[in-house]
Amino acid sequence: MNFAAPLLLSLKLSSVTTLFLLVLGVPFAYWLVFSRFRFKFLVESIVALPLVLPPTVLGFYLLMAIGANSFFGRWYESLFNKPLAFSFEGLVLGSFLYSLPFAVQPIQMAFNSIDKKLLEASWSLGRSNIYTFFRVILPLSRHGIITGCVLSFAHTLGEFGVILMIGGNIPGITRVASVAIYDEVQSLNYGSANMYAAILLLFSFVILAAVYFVNRRFTRTI
Amino acid sequence: MKKITGFCLIIILILIFGFSAFVRASENILIASASNLRFAMHDICHDFQEENPSIQTKVSYGSSGNFFAQIKQGAPFDIFFSADATYPELLEKEGLAVKEMREVYAVGNIVLWFPKESKVAPDTGMHAVTSSEVMKLAIANPRHAPYGLAAEESLRYYGLWEEVKRKLIYGENISQTAQYIHTGAADAGIIALSLANSSKMLHEGKYWMIPDESHSDIEQVYVVLKRGKGKKSVRKFLDFIHGKNGSNILSRYGFVFPGTGENR
């Protein structure tokens with residue numbers, strides 16, 4: 001059980017994060033593609049930041065933002081009676097930001113690649129934006145949505161720097177699989193470090209293989 | 001197809017949440033422990049849990065300075081076993097620790113450690129670090145790891161600091177430093193005696209005890225934090241550490257006890 005705990009925690013963190021990213025990422029990507037907001041490029045840059053930002057930078061600012069001395073951290077603590085930093089909820093917030101581009105960008109690309117004539121046809125037949133979204137846009141971009149979910153799941157699973165910064169290494173609360181590797185190596189338990197590493201490696205490979213397989217099948221059917 | 005995928009996803013989610021709810025034990029103690037205690041603390045928790053099966057101890061290991069920073073940011077620990085006296089004192093001053101729940105639990109030692117294949121004779125003393133055999137010397141980061149600070153003081157005491165400075169590699173904490181020499185990434189290192197005495201390292205190398213007069217005393221102090229205030233399980237754990245069983249484990253790893261200057 002002790003060995004499995006960090007792996008289960010990683011899976012839990014990845015699932016919750018992916019769920020949030022799916023629920024908020026799809027409307028957000030829709031807004032990014034279809035809005036005429038002038039400064040959209042700035043929003044797009046902010047979304048893409050975690051791709052180039054070192055995880056320690058993101059982790060450091062997050063810690064400053066949600067730590068016990070911050071305004072937000074104190075507000076959260078007075079509301080829920082427990083700190084946000086060094087908690088599972090804090091990790092979800094960190095992972096959400098860290099994996100945001102991995103979810104939003106594939107969905108955005110899928111929305112962009114839809115033939116505009118199909119949308120115009122739907123609108124000219126008197127269908128509403130919402131109807132068009134659910135019956136035309138979503139079905140046509142399901143491969144992008146699946147890719148976004150799978151990538152953000154896998155990306156969150158391997159996250160290390162942000163977690164160590166805002167979560168530390170607390171067993172059962174913030175010691176996810178990647179942190180467990182770091183900890184086992186320092187205990188000179190290279191065997192168990194290797195087990196965790198091998199499991200993560202295998203998992204990442206299987207996930208990527210599945211994505212490429214699904215995408216290939218999708219492009220073929222078109 | 002779509003329905004099956006959704007169904008599988010829901011089943012997986014239920015399994016994960018079900019499992020993690022099941023894992024949660026009744027009484028938890030969250031411990032922040034200086035890395036030099038790693039192997040001793042592991043034994044202590046093991047024996048403690050045998051005596052008190054209803055209490056679960058969860059230990060996080062790291063450098064004392066990092067824990068100090070984490071606790072200030074709201075990290076939810078019950079007890080902090082520091083490798084020095086300063087950080088616990090500061091925590092008490094800042095109102096993050098319980099008053100009068102701060103105590104010296106052990107005095108630590110540092111050793112100069114070489115892997116057993118090394119050609120350096122360990123009894124040549126501190127000057128062995130200048131040998132050409134030693135290309136990289138590992139110490140813990142003196143800025144936040146008390147054992148790293150002791151290592152620096154000692155190297156300065158022997159007038160070797162400037163000379164070996166370019167050979168130094170810094171571990172984030174003392175057990176990462178031990179990992180560097182254990183894996184051969186460094187040719188020698190200054191680590192805690194308690195790590196050199198662990199079963200993982202004892203037969204992997206040889207060491208020279210660094211004399212006490214070369215550095216200030218490494219008085220290790222624990223402090224009960226606000227979260228652990230009034231908890232019965234915390235009291236029990238501290239009693240265990242001070243008791244016969246706990247002290248036996250500590251002295252087995254080479255800790256001496258406050259005031260006596262020798263193993264109790």
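Here the residue numbers are simple positions, counted from 1 along each chain's written sequence. Throughout, the order in which chains and ligands are written sets their labels, letters from A for the former and numbers from 1 for the latter. Confidence filtering applies because this is a predicted model: local features only for residues at pLDDT of at least 70, side-chain atom pairs given and counted only at 80 or more, and all residues used for totals across whole chains, interfaces and linings. Hydrogens are left out, water is left out, and the side-chain values use all remaining heavy atoms of the structure.

1. Considerations on the overall build of chain A
When helices and strands are counted, chain A shows 11 helices and 0 strands. Its C-alpha atoms put chain A at 65 × 45 × 30 Å along the principal axes. In this scheme, a residue with accessible area under 20% of its type's maximum is buried, one over 50% is exposed, and one in between is partly exposed, where area comes from a 1.4 Å probe on protein chains only. The proportion of buried residues among the 222 residues of chain A is 46%. Sequence-distant contacts, at least 24 apart, represent 69% of the contacts inside chain A between residues at least 6 apart. In this charge count, Lys and Arg are treated as positive and Asp and Glu as negative; neither His nor the chain ends contribute. Just so you know, the charge point we use is NZ for Lys, CZ for Arg, CG for Asp and CD for Glu. Computed over 15 positive and 8 negative side-chain charges, the inter-centroid distance for chain A is 13 Å. The way it works is that DSSP assigns letters per residue, a run of H or I at least four long becomes a helix, a run of E at least two long becomes a strand, and they are numbered from the N terminus. Contacts were defined at the residue level, with two residues in contact if any of their heavy atoms lie within 4.5 Å.

2. Quick look at helix α4 (residues 86-93) of chain B
All names here are of chain B. Residues of α4 that are buried include every one of Tyr 87, Pro 88, Leu 91 and Glu 92, and no others. Viewed along the axis of α4, the buried residues span an arc of 140°, placing them on a single side of the element. Looking at the buried positions of α4, the neighbouring elements they touch are α3 (64-72), β3 (79-81), β4 (97-108), α5 (146-157) and β10 (218-225). Of the residues flanking the end of α4, it is Gly 95, one or two places downstream, whose phi is positive at about 80°. It is the directions from the helix axis to the C-beta atoms that the arc portrays.

3. What about the sheet that holds strand β8 (residues 188-192) of chain B?
Residues and elements named next belong to chain B. Pairing between strands is defined by DSSP: at least two bridges between the two strands are required. Taken in spatial order, the 5 strands line up as β7-β6-β8-β5-β9 in an open sheet, and their pairing is mixed. A strand with exactly one partner marks an edge of an open sheet, and here the two such strands are β7 (168-171) and β9 (205-209). Going from strand to strand, the sheet's axes swing by 30° on average, the running direction of each strand aside. One ladder, built from 2 bridges, connects strand β6 (residues 137-140) with β8; its direction is parallel. Lines fitted to the C-alpha atoms define the axes, with helices restricted to the stretch that makes contact. Angles between their N-to-C directions range from 0 to 180 degrees.

4. Focus on the nonpolar core
Among buried residues, the Ala, Val, Leu, Ile, Met, Phe, Trp, Tyr and Cys ones that are joined through side-chain atoms within 4.5 Å form a nonpolar core. The biggest cluster of nonpolar side chains holds 70 residues, and the ones touching the most others in it are B:Met41, B:Phe81, B:Leu112, B:Leu155, B:Ile190, B:Ile191 and B:Phe237. In terms of residue count, helix α2 (residues 38-51) of chain B provides more of this core than any other element does, 6 residues in total. With residues near it in sequence (within four places) discarded, B:Ile191 still touches B:Asn109, B:Ile110, B:Val111, B:Trp113, B:Ile174, B:Thr177, B:Ala178, B:Ile181, B:Ala196 and B:Met201. Judged by nonpolar contacts, the second largest core, of 34 residues, contains A:Ile170, B:Phe67, B:Phe77 and B:Phe80.

5. A word on the pattern of salt bridges
A side chain of one charge can pair with a side chain of the opposite charge when the charged atoms of the two come close. A side-chain nitrogen of Lys or Arg and a carboxyl oxygen of Asp or Glu constitute a salt bridge if their distance falls within 4 Å. This model, assessed by the stated rule, comprises 11 salt bridges over all chains. When the shortest N-O distance is used, the salt bridge between A:Asp183 and B:Arg38 registers 3.3 Å. Remark: B:Arg38 occurs in helix α2 and A:Asp183 occurs in helix α10 (residues 177-186); the pair is interchain, linking two chains. Judged on exposure class, the residue A:Asp183 and its partner B:Arg38 are both buried. The residue B:Asp43 makes a salt bridge to B:Arg252 at a minimum N-O spacing of 3.1 Å. Highlighted residues: B:Asp43 in helix α2 and B:Arg252 in helix α10 (residues 244-252), separated in sequence by 209 residues.

6. Overview of the sheet that holds strand β2 (residues 55-62) of chain B
Residues and elements named next belong to chain B. Across the sheet, 5 strands lie side by side as β2-β1-β3-β10-β4; this open sheet has mixed pairing. The sheet is open, and its two edges are formed by β2 and β4, each paired on a single side. Taken pair by pair, the neighbouring strands of this sheet meet at an average axis angle of 20°, ignoring direction. Inspection of the sheet shows strand β1 (residues 27-34) paired to β3 by 3 bridges, in the parallel sense. Looking at β3, one finds that Ser 33 is bridged to Phe 81.

7. As for helix α2 (residues 40-52) of chain A
Residues and elements named next belong to chain A. Multiply 1.5 Å by the residue count of a helix minus one, and that product is the helix's expected span. Here α2 is 13 residues long and its end C-alpha atoms lie 19 Å apart, about the 18 Å a rise of 1.5 Å per residue gives. Of all the bends in α2, the largest measures some 30° and sits at Ile 46, one to four residues before the proline Pro 50. Every buried residue of α2 is accounted for by Lys 40, Val 47, Ala 48 and Pro 50. The secondary structure elements touched by the buried residues of α2 are α1 (4-34) and α5 (88-112). The term bend refers to the angle at a residue between two fitted axes, each drawn through seven residues, those ending there and those starting there.

8. A word on the confidence of the model for chain B
The predictor attaches a confidence to each residue, and that confidence, scored 0 to 100, is pLDDT. Here chain B shows a mean pLDDT of 89. Residues at 70 or above account for 88%. For this predicted complex, the interface score ipTM comes out at 0.85, alongside a pTM of 0.87.

9. Regarding the interface of chain B and chain A
Facing 31 residues of chain B, the contacting portion of chain A comprises 32 residues. Run the count over chain B and chain A and you get 1 salt bridge. Within 3.5 Å is the distance limit for a polar contact, defined as a pair of N or O atoms, with the added protein rule that one can donate a hydrogen and the other accept it, and that residues adjacent in sequence qualify only through two side-chain atoms. Taken together, the links from chain B to chain A amount to 10 residue pairs in polar contact (both at pLDDT 80 or more). Among the elements that line the side of chain B that touches chain A, the one with the most residues is helix α1 (residues 2-23) of chain B, at 6 residues.

10. Considerations on the pairing of β1(B)
Residue and element names in this part refer to chain B. Judged by how many residues are buried, β1 sits mostly within the fold: 6 of 8 residues are covered. Taken together, the 8 bridges between β1 and β2 define a ladder with parallel strand orientation. Bridging across to β2, Ala 34 finds its partner in Gly 62. Classification remark: right-handed applies to a crossover when, strands pointing away from the viewer, the course from the first strand over the helix to the second runs clockwise. Chirality of the crossover, the property in question, places the unit of β1, α2 and β2 among those that are right-handed.

11. Some details on the pairing of β10(B)
Residue and element names in this part refer to chain B. Counting buried positions along β10 gives 7 out of 8 residues, so the element sits mostly inside the fold. In terms of strand pairing, β3 meets β10 through 3 bridges, oriented antiparallel. Within the sheet, the bridge partner assigned to Phe 81 lies in β10 and is Tyr 222. Where β4 lies against β10, 7 bridges are found, and the strand directions are antiparallel. Paired with Glu 103 across the bridge in β10 is Tyr 222.

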